[in-house]
Amino acid sequence: MNILSLLSFFSFLLCSYFGLHVLRREPKARLSQVFFAYCATGMIWSFGYVFIYPATDIKQIWFWYRFTSFGWCFIHSTLLHFILILTGKKRLLSRWWIYAVLYLPSCILLWRSLTGILIAENFYQTPLGTAEIIASKSVWFNIYGLYNIAALFIACIILWLWGRKSNIMRYKKQAQLVIITTIASFLMASFFNMVIPVLGIQMPAIGALFSTSIIIGAWVAMSRYKLLVLTPEIAAGEIISKMMDIMILTDPHDTVIVINHQAEELTGFSSSEFRGKSLYDLIAEKEFLREKMNRIKDSSISNFQFDGNLITKVGGNIPVTFFCSDFKDTAGEVVGIVVVAHDQRDTINLKAAIEEIRVTNAELINTRDLLWGEMHIAKKIQTVLLPTDPAISGYRLATFMRPADEVGGDYYDILNAGGRDWLIIGDVSGHGVPSGLIMMIVQTAIHAMVSDDPDVTPSELMRKVNLSITPSIKKIGLDRYMTIMVSAVHQDGQFIFSGLHQDILIHRKATGKIDVLETRGMWLGIIDDIADMVQDDSCRLEIGDTLLVFTDGITEACVPDTADTTCDGGIHMFGIERLIEVFSRSCAGPVEDIKNSITSSLEGFSCNDDITMVVLRREK
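Note that the structure is predicted; figures quoted are calculated from it, not measured.

Considerations on a nonpolar patch on the surface
Okay, step 1: There is a patch of nonpolar side chains on the surface, built from Phe 153, Ile 154, Ile 157, Trp 160 and Leu 161 and spanning about 470 Å² of accessible area.
Okay, step 2: For Phe 153, the location among the structural elements is in helix α7 (residues 139-165).
Okay, step 3: With a relative accessible area of 55%, Phe 153 lands in the exposed category.

Dropping the structure here:
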């Protein structure tokens, strides 16, 4: 097993253990939650590199590399968030914009990593595993580096000031420990992930292995200096500081006597402006409130809850949920009312966002259905253009076509025009809609030209078709070409063909041997005029002889676990030799059996390209 992969897995386990352990101890504490989020970034980063180091498939490497970006793009924002809570910056964290400052840069960097090049622009293999080619000249690379430095600097300054101002020794030691582990982690990760690759040293990025150092430092602080240990004093302070709801205390006459800081922040009134005001001057639903308050005073009810609006100093309304309850003296007389109001703006915005997401999701589903409908139409058009009941007088035919995508780039045709029969097979590079479009353009051109001139030779047909379609392919910007073989099939067994495609296989009934005919010429769609590159070749089919033409989707099919990695002409490909063996073995039966034998032999192989074949046997 790759040693770096093993170390990454160990790092993942450490991050998981520390994060889950702290969260389990105090699951409702914001400090524990953010600490777990920070551990989660290290978990993601380390876990992705478990698979990157030993990987050789570039698609797999890119998948796991982009997966890890959820970790290393957010590791500094969650660290800053953790430090702000640790150092008691509660008032700062009560402002919504601080979260945008903390997490928006990470979101932008993540977006860039998922859609383009941020740090690594490619990968290569070293004896220790997969290494990154750093995009050191990229503006995004420099932005990411500056963001890391800025986040480190701010985190250390906040911790240093906190430790310096504090009179509590354990706070100072906590600050020192986290500063040291933060700087060490940053320097080590930056050196191995960004500096070494830029210097050209061939070594895999191992920054993920250092992501645990700050976590370990926090854990040492927790166990040695009681960081994150809940005491009654800490608990009381946390409860007071985390009480984000408005609290208003009135006397029995509904006059405000006490408010909390959150009431000042939300309404804009100062504490002195609040005191002496009537509660009804602060709440929009005056009559409803008055009726309920009177019921509390006459002891009909002891508390009530309702949704209403809090009036601000500038005359605006804040939607809130009110909870009102009495408090009494020892004689049971009501001496005041406590009013707690919870700001509902986030809830309302969330509901609006959910509704917007629902509408957007419905639109996406509709768009998806429309797209698949259009794909179905394109597939149907392509299917309709293929011959429905292909036949050539004096011959038996069996055909097969299976596209790799909804719309394929393979093409075969059986034409009967002017007393002549044509057999055509081709393969556009790639597959999918662009290749399918070119296939249909070529088919249309061939039909038109054979209809206009039934006596055209195969080589002349190739020249005219290429001259017709090449400008169109270049205009629409499709980087495609087409291998194709066109052949005129005569009743006496004469087979005249032209075009560069896969070899033609002929089983000779008289000898039982397989002839392999090489096709010659030029592909379609590369250059405008191929007149000097195409010529007519011929062969003769005797009665009982069987001809097979096919596309490379058959011969290039791979064993699934080697697809896209070792299918380079080796034993893992289906290959021409295997096709010849299957073809020779099945030629004693009908042409349909030959086709079925070949398709059955492909079972167990991964066919990532369109597959097409035509089996032709002369019977008289």
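Back to the text.
Here we look at the sheet that holds strand β9 (residues 410-417)
Okay, step 1: In space, the five strands of this open sheet follow the order β9-β10-β11-β12-β15, with antiparallel pairing throughout. Every other strand in the sheet has two partners, leaving β9 and β15 (537-540) as the edge strands with one partner each. Neighbour to neighbour, the strand axes of the sheet diverge by 20° on average, direction disregarded.
Okay, step 2: Both strand β11 (residues 482-489) and strand β12 (residues 494-498) contribute to a ladder of four bridges, which runs antiparallel. When the bridges of β12 are listed, Val 489 appears paired with Phe 495.
Okay, step 3: Helix α15 (residues 433-452) rests against β9, β10 (420-428) and β11 of the sheet, and its axis sits at about 15° to β9.

Considerations on the packing of α15 against helix α16 (residues 458-475)
Okay, step 1: The N-to-C vectors of α15 and α16 enclose an angle of 140°; their axes lie 10 Å apart at closest approach. In terms of orientation, α15 and α16 fall into the oblique class. In this structure, α15 meets α16 at a crossing whose hand is right-handed. Across from Ile 438, Ile 441, Val 442, Ala 445, Ile 446, Met 449 and Val 450 in α15, the residues of α16 making contact are Leu 461, Lys 464, Val 465, Ser 468, Ile 469 and Ile 473.
Okay, step 2: Across the contact of α15 with α16, the residue classes break down as eleven nonpolar, one polar and one charged.

As for the sheet that holds strand β16 (residues 546-550)
Okay, step 1: As summarised here, the arrangement of the five strands in space is β8-β17-β16-β13-β14, forming an open sheet in which the pairing is antiparallel. Edge positions in the open sheet fall to β8 (395-402) and β14 (514-517), since each of these has one partner strand only. On average, each strand axis in the sheet is inclined to that of its neighbour by 15°, with strand direction left out of account.
Okay, step 2: The sheet contact formed by β8 and strand β17 (residues 611-618) spans eight bridges and is antiparallel. Bridge pairing in β17 places Met 401 opposite Thr 612.
Okay, step 3: Seen against the sheet, helix α19 (residues 591-601) touches β8, β16 and β17 and runs at an angle of roughly 25° to β8.

Here's the deal with the environment of Tyr 53
Okay, step 1: Secondary-structure assignment places Tyr 53 in the loop between α2 (30-52) and α3 (58-72).
Okay, step 2: Taking the C-alpha atoms as reference points, Tyr 53 and Ser 8, separated by 45 residues in sequence, lie 9.2 Å from one another.
Okay, step 3: Setting aside residues up to four positions removed in sequence, Tyr 53 forms contacts with Asn 2, Leu 4, Ser 5, Ser 8, Gly 129, Thr 130, Pro 204, Ala 205 and Ile 206.

With respect to the nonpolar core
Within soluble globular proteins, side chains that are nonpolar tend to cluster in buried spots.
Okay, step 1: Ranked by internal contacts, the top residues of the largest apolar core, which has 54 residues, are Tyr 65, Trp 72 and Ile 119.
Okay, step 2: If you list the elements that add at least two residues to this core, you get α1 (3-25), α2, α3, α4 (75-86), α6 (97-115), β1 (120-126), α7 and α8 (169-198).
Okay, step 3: With ten residues, α7 is the largest single contributor of residues to this core.
Okay, step 4: Setting aside anything within four residues of it in sequence, one finds Tyr 65 in contact with Tyr 49, Ile 52, Trp 72, Ile 119, Ala 120, Phe 123 and Glu 132.
Okay, step 5: Counting 28 residues, the second-largest nonpolar core is a separate cluster that includes Met 439, Met 462, Met 482 and Val 486.

Looking at the pattern of salt bridges
Okay, step 1: For the structure on display, the rule yields 13 salt bridges.
Okay, step 2: Asp 254 is the partner of Lys 297 in a salt bridge, and the nearest nitrogen-oxygen pair spans 2.7 Å. One end of the pair, Lys 297, is in helix α13 (residues 286-297); the other, Asp 254, is in the loop between β3 (246-250) and β4 (256-259), with 43 residues separating them in the sequence.
Okay, step 3: Residue classification places Lys 297 among the partly exposed positions, given a relative accessible area of 31%.
Okay, step 4: Where Arg 508 meets Asp 515, a salt bridge forms, and the shortest distance between an N and an O atom there is 2.8 Å.
Okay, step 5: The exposure class of Arg 508 is buried, given its relative accessible area of 17%.
Okay, step 6: Its relative accessible area of 29% is what places Asp 515 among the partly exposed residues.
Okay, step 7: Salt bridges sharing common partners tie together Asp 492, Arg 540 and Glu 542.

Thresholds, definitions, all that
Residues numbered from 1 in each chain as written. Predicted model: local features only at pLDDT ≥ 70, side-chain atom pairs only at ≥ 80, totals over all residues. Heavy atoms only, no water. Patch = residues over 30% accessible without salt bridge, like charges linked within 9 Å, V, L, I, M, F, W, Y side chains within 5 Å. Areas by Shrake-Rupley, 256 points an atom, 1.4 Å probe, with all protein chains shown as cover. Salt bridge = Lys/Arg side-chain N within 4 Å of Asp/Glu carboxyl O. Helix = DSSP H or I, 4+ residues; strand = E, 2+ residues; numbered from the N terminus. Buried < 20%, exposed > 50% of the residue type's maximum accessible area, 1.4 Å probe, protein only. Pairing = 2+ DSSP bridges. Axes fitted to C-alpha atoms, helices over the stretch in contact; angles between N-to-C directions. Contact = heavy atoms within 4.5 Å. Parallel < 35°, antiparallel > 145°, perpendicular 65-115°, else oblique. Left-handed = near helix turned anticlockwise from the far one by under 90°. Nonpolar A, V, L, I, M, F, W, Y, C, P; charged D, E, K, R; others polar. Core = buried A, V, L, I, M, F, W, Y, C linked by side-chain atoms within 4.5 Å.

By themselves these figures say nothing about function.
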